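# Per-entry structural report
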Amino acid sequence: LLPGAAPFSALALGDCGLSEEGVKLLLNGLCSNTTVESLDLKGNNLRAVGAEALGKLLGQNKSIRSLTLEWNSLGMWEEGFSVFCQGLGANNFLQRLDLRNNQINHQGAGELAMALTQNASLQELDLRWNNIGLLGGRALLKCLHKNKTLKKLELAGNNVPGDILKAVEQALDHNQDRETILNEAQNQVYLLNKEVLSLKDEKNKQFLNFMDTIDKQKEEKARSERMSATRVSQLQEALDEQYSLMNSLKAKLQMTEAALALSEQKVHNLGELLNAMKQEQTSLAECHFKELQQQKQEGADREGKLLHELSEASEKNLLLRNQVDELERKCKVQQDQLFQVKQDLANTTAELKLRAVQAEERLELEKRRFKQSLEDKESLRVKEVDRMTQHIEASEHSMQDRIQRLEAIRISLEEELSQVKAAALAERGRAEEELIKARSQARLEEQQRLEHLEEKLRLMTELRDEAQNCCLRQKEMVAEAQARAKQMSLHADGLRRRLEELQQDLNRKEEEKVTEVNKVKVELQEQIGHLEAERTAQNGLREKIAALERQLKALSSNHREALLDKDGEISLLLEKLRMKEAEISRVREEEAQRASFLQNAIMAYVQGPHLGTHSSRK
């Protein structure tokens, strides 16, 4: 018990002859101890002081699980034993208590019963060889209706009637059955929790797989956008090359025009010289004529080269048109992908609707089953109550007949009267046993119903959570679709800007290329029409998404209303159960009053000297 001492779990001080002061000091030291789990103080003649010290110990100590107090005198002093019982009622750690041969009377048994109604940890109690009697046995039997943890109660050698002992055994059996049922229920709850966790893991895996597929689709879309951007950049480079070629052709044309102007000036000068010197310089004129022909041939060659370069530019334009066609095909592929996304959204909405319909059908079936079971059990209870009342009335009539016979033949059949009394007690015990069994069965059935209803509520909450998770997933899908729509709108805006730039550049071209520019404009307008069609499709998707969100909100509101209706039904069922328990308690009180009345009448008849007067008064 000292601070530096080694810890131990059992302390045996039986038959040591300790004084009350020594026991008090010992128990005061054990109040703060946390290692001793078993304490043996039998045969130490503990009385009032020891009982008070034990009550204080039980009120403060939290480690003692077993306490042996055999062969003491704790029940001789009522005040000390009441303090002991108060400490026992405040203790929630003691599991085994031995109070054999402690001179406990019916008053001490009543105090002990009050303590047992408050205690929630004691499992074994030994009260053999005391003086509890009939009143103490009844008090202990009443406390067992409230105490649901006591499993073993020994009452031998206490002058307790046999019917009370049987009732105590039945109550203890009921406590044991209740504990086994609770253990089974806990095991079932544990298994259900495991299943719920496994389902959650599977759903998380499915969600992760879905997210992976979404990420892959995003990556593919980003790749396609990159490819389209690179192709658009390539087209723009080709257009720049065409612009550079056109500029070079313009420069060459300007050079040729300048050369022609210079040649015309030279011809004019030569004509003037020829008119002045026709006769003198004829040879020079012919030479100049030859040079002019050569220049004309060179101009023709240059014009052929220019035409060849124009044909090459037209071929490049055809290549650009082919690239534009490829871009249109990619746009169509993206439209197909958007259509697949729409189909996925429609499938998810259909699945949600099917789940909601299935949940409503399950709720209706469960309501019908529950109503049918309630009606069947109410009819069974009414039949059982009628049968028990008829049986009790028949037993009362038989008892009255036997009492009249005993009044007529009292002197000659005293031994037979004791046999009849024993038979009546046996019949009453059987009737009480049948009543107790019927009540226990009804309680078990009601508990099973409550557990079934709790499981149904748990399933409904899980369905609601699944619906909420589906709603969240759809919201995420909607958000992703909106983000994609925004990206597509930004891409369309960029394309528009590029188209406007191209139009401005094309307007700057020469009049000779107006026809080709018009063709390019027509193709660009067709692309704009496709993009606008895609935008309208995206707007339609947004409207469908909004409609889906409204449907989800309506479904969630319907689920909430159904849950509220079920809560109301459960509250009504609980009120009905309370009314039934009140009726059962009233029937018990009436039966107890009848039984006590019969017992008092029989005891008065057996013990009273004037049996004839009692019978006449009845």
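Residues numbered from 1 in each chain as written. Predicted model: local features only at pLDDT ≥ 70, side-chain atom pairs only at ≥ 80, totals over all residues. Heavy atoms only, no water.

### Structural notes on the overall build of the chain
Rule in force here: The secondary structure listing takes helices from DSSP runs of H or I that are at least 4 residues long and strands from runs of E that are at least 2 residues long, numbered from the N terminus. Throughout, radius of gyration means the C-alpha value; the globule benchmark is 2.2 Å times the number of residues raised to the power 0.38. Buried residues are those whose accessible area, probed at 1.4 Å on protein chains only, stays under 20% of the maximum for their type, while exposed residues exceed 50% and partly exposed ones sit between those limits. For the area figures, the Shrake-Rupley method with a 1.4 Å probe applies, and any residue is considered shielded solely by the protein chains shown.
The secondary structure content of the chain amounts to ten helices and six strands. In terms of C-alpha radius of gyration, the chain reaches 53 Å, well past the compact-globule figure of 25 Å for 618 residues. Each of the three principal axes of the chain carries a C-alpha extent, and together these read 195 × 70 × 25 Å. A buried classification covers 28% of the 618 residues belonging to the chain. When the accessible area of the chain is evaluated, it comes to approximately 40600 Å², of which 53% is carbon and sulfur surface.

### Examining the sheet that holds strand β1 (residues 10-12)
Cut-off, in case you're wondering: In short, DSSP must find at least two bridges between two strands for them to pair. Simply put, an axis is a line fit to the C-alpha atoms, just over the touching stretch for a helix, and the angle between two N-to-C directions goes from 0 to 180 degrees.
Taken together, the six strands give an open sheet; going across it, the order is β1-β2-β3-β4-β5-β6, and neighbouring strands pair in parallel fashion. Every other strand in the sheet has two partners, leaving β1 and β6 (152-154) as the edge strands with one partner each. Averaged over all neighbouring strand pairs, the angle between strand axes comes to 0 degrees, with direction disregarded. When strand β2 (residues 38-40) meets strand β3 (residues 66-68), the two strands line up parallel, connected through three bridges.

### Digging into the nonpolar core
Here is a general trend for soluble globular proteins: nonpolar side chains tend to be buried in one another's company. In plain terms, the rule: Within this scheme, the nonpolar core is defined by two criteria: the residues are buried Ala, Val, Leu, Ile, Met, Phe, Trp, Tyr or Cys, and they are joined through side-chain atoms within 4.5 Å.
Residues Leu69, Phe84, Leu97, Leu99, Leu125 and Leu127 are the most contacted members of the largest nonpolar core, which totals 50 residues. The set of elements that each furnish at least two residues to this core consists of α1 (20-30), α2 (48-60), α3 (78-90), α4 (106-118), α5 (133-144) and α6 (162-276).

### Some remarks on the pattern of salt bridges
For clarity, the cut-off: In what follows, salt bridge is the name for a side-chain nitrogen of Lys or Arg lying within 4 Å of a carboxyl oxygen of Asp or Glu.
Across all of its chains, the model carries eight salt bridges by this definition. Where arginine 128 meets aspartate 126, a salt bridge forms, and the shortest distance between an N and an O atom there is 2.8 Å. Its relative accessible area of 10% is what places aspartate 126 among the buried residues. What you see here is one network of salt bridges that share partners, running through Glu70, Asp98, Arg100, Asp126 and Arg128.

### What about α3?
Think of an α-helix as 3.6 residues a turn; residues three or four steps apart then line up on the same face. The condition that has to hold: Helices are assigned an expected span. That span is 1.5 Å times one less than the residue count.
The terminal C-alpha atoms of α3 lie 18 Å apart, and with 13 residues this matches the ideal 18 Å at 1.5 Å per residue to within 8%. When α3 is considered as a whole, its buried residues turn out to be Gly80, Phe81, Ser82, Phe84, Cys85, Gly87, Leu88 and Gly89.

### Points about α5
Rules: Of all possible arcs, the one meant is that of the directions from the helix axis to the C-beta atoms.
The end-to-end C-alpha separation of α5 is 17 Å, in line with the 16 Å expected for twelve residues at 1.5 Å each. Residues Gly133, Gly136, Gly137, Leu140, Leu141, Cys143 and Leu144 constitute the buried set of α5. For α5, the angular spread of buried residues about the axis comes to 160 degrees, placing them on one side. Opposite its buried face, α5 presents the exposed residues Leu135 and Lys142, each directed more than 90 degrees away.

### Topic: the side chain of lysine 221
We count it as follows: Charge counting follows a simple rule: Lys and Arg are positive, Asp and Glu are negative, and His as well as the terminal groups are ignored. Contacts: residue pairs with any heavy atoms within 4.5 Å of one another.
Turning to its location among the elements, lysine 221 is positioned in helix α6. No salt bridge is formed by the buried lysine 221, whose closest oppositely charged neighbour, glutamate 225, lies at an N-O distance of 4.4 Å. Setting aside residues up to four positions removed in sequence, lysine 221 forms contacts with Arg484, Gln487 and Met488.

### A short note on the side chain of asparagine 119
The test is simple: Pairs of N or O atoms within 3.5 Å make up the polar contacts considered here, provided that, within protein, one atom can donate a hydrogen while the other can accept it, and that residues adjacent in sequence are counted only when both atoms are side-chain atoms.
Relative to the helices and strands, asparagine 119 is located in the loop between α4 and β5 (124-126). In this structure asparagine 119 comes out as buried when scored by relative accessible area, which is 4%. A distance of 2.7 Å separates a polar atom in the side chain of asparagine 119 from the backbone oxygen of asparagine 91. Within the structure, the side chain of asparagine 119 is placed 2.8 Å from the backbone nitrogen of serine 121, a separation counted as a polar contact.

### What to know about the state of the cysteines
Selection criterion: The rule for a disulfide is simple: a pair of cysteine sulfur atoms within 2.5 Å.
Counted according to the given criterion, the structure contains zero disulfides. Cysteine 31 carries a free sulfur, and the closest cysteine sulfur to it, the one in cysteine 85, is 17 Å from it. Judged by relative accessible area, cysteine 31 falls into the buried class, the value being 10%. Summary of cysteine pairing: cysteine 85 is not part of a disulfide, and the nearest cysteine sulfur, belonging to cysteine 143, is at 11 Å.

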